[in-house]
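The lines below spell out each chain.
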Amino acid sequence: MAFILGEDRKQINLLPYILDDYVSEDNPVRVIDAYVDSLNLEDLGFVIYSGNSAGQKPYSRQDLLKLYIYILLYE
């Protein structure tokens, strides 16, 4: 295995520290984010990943629903 070098301590950061800085305040994706966060997904029948069930993907159900809604609206 090759040796992994860390970042240079003197390197100036060119990109924002958080992904939220890439999305404008008036972007419609923020509405989707707020809407899905307000839902109780367990009441709607979504199963929460426990890590014990074989074949269950370790993705957040909220994140997958946000992605699905975004694709439906902006396809």
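## Here's the deal with a nonpolar patch on the surface
A contiguous nonpolar surface patch, about 660 Å² in accessible area, is contributed by Ile-12, Leu-14, Leu-15, Leu-19 and Tyr-22. With respect to the helices and strands, Tyr-22 occurs in the segment before α1 (29-38). The class for Tyr-22 is partly exposed, based on a relative accessible area of 49%.

## Some points on the pattern of salt bridges
The final tally for this structure, using the stated rule, is 4 salt bridges. In this structure, Lys-66 and Asp-33 form a salt bridge, with 2.5 Å as the shortest nitrogen-oxygen distance. Within this pair, whereas Lys-66 is found in helix α2 (residues 61-74), its partner Asp-33 is found in helix α1, the two being separated by 33 residues in sequence. Among the residues examined, Asp-33 registers a relative accessible area of 34% and is labelled partly exposed. Residues joined in a network through salt bridges with shared partners are Asp-20, Glu-25 and Arg-30.

## Describing the nonpolar core
One finds Ile-32, Val-36, Leu-41, Leu-65 and Ile-69 forming the largest nonpolar core, which totals 5 residues. Not counting the four nearest positions on each side in its chain, Val-36 is found in contact with Gln-62, Leu-65, Lys-66 and Ile-69.

## Re the layout of surface pockets
Space inside the largest pocket adds up to approximately 260 Å³. Leu-19, Asp-20, Val-23, Val-29, Arg-30, Ile-32, Asp-33, Lys-66, Leu-67 and Tyr-70 are the residues that line the largest pocket. Put simply, the parts of the chain that give the lining of the largest pocket at least two residues each are α1 and α2. It is α1 that contributes the most residues to the lining of the largest pocket, 4 residues altogether.

## Overview of α2
Helix length check: α2 (14 residues) gives 20 Å between terminal C-alpha atoms against 20 Å at 1.5 Å per residue, within 8%. The complete set of buried residues in α2 reads Arg-61, Leu-65, Lys-66 and Ile-69. Viewed along the axis of α2, the buried residues span an arc of 135°, placing them on a single side of the element. Buried positions along α2 lie against α1.

Calculation criteria
- Residues numbered from 1 in each chain as written.
- Predicted model: local features only at pLDDT ≥ 70, side-chain atom pairs only at ≥ 80, totals over all residues.
- Heavy atoms only, no water.
- Patch = residues over 30% accessible without salt bridge, like charges linked within 9 Å, V, L, I, M, F, W, Y side chains within 5 Å.
- Areas by Shrake-Rupley, 256 points an atom, 1.4 Å probe, with all protein chains shown as cover.
- Salt bridge = Lys/Arg side-chain N within 4 Å of Asp/Glu carboxyl O.
- Helix = DSSP H or I, 4+ residues; strand = E, 2+ residues; numbered from the N terminus.
- Buried < 20%, exposed > 50% of the residue type's maximum accessible area, 1.4 Å probe, protein only.
- Core = buried A, V, L, I, M, F, W, Y, C linked by side-chain atoms within 4.5 Å.
- Contact = heavy atoms within 4.5 Å.
- 1 Å grid on protein atoms, 1.4 Å probe; cavity = no way out; pocket = protein on both sides within 12 Å on 5 of 7 lines; lining within 4 Å.
- Points joined across faces, edges and corners; volume = space filled by probe spheres on them.
- Expected span 1.5 Å × (residues − 1).
- Arc of directions from axis to C-beta.

Interpretation in functional terms is not warranted from these geometric data alone.
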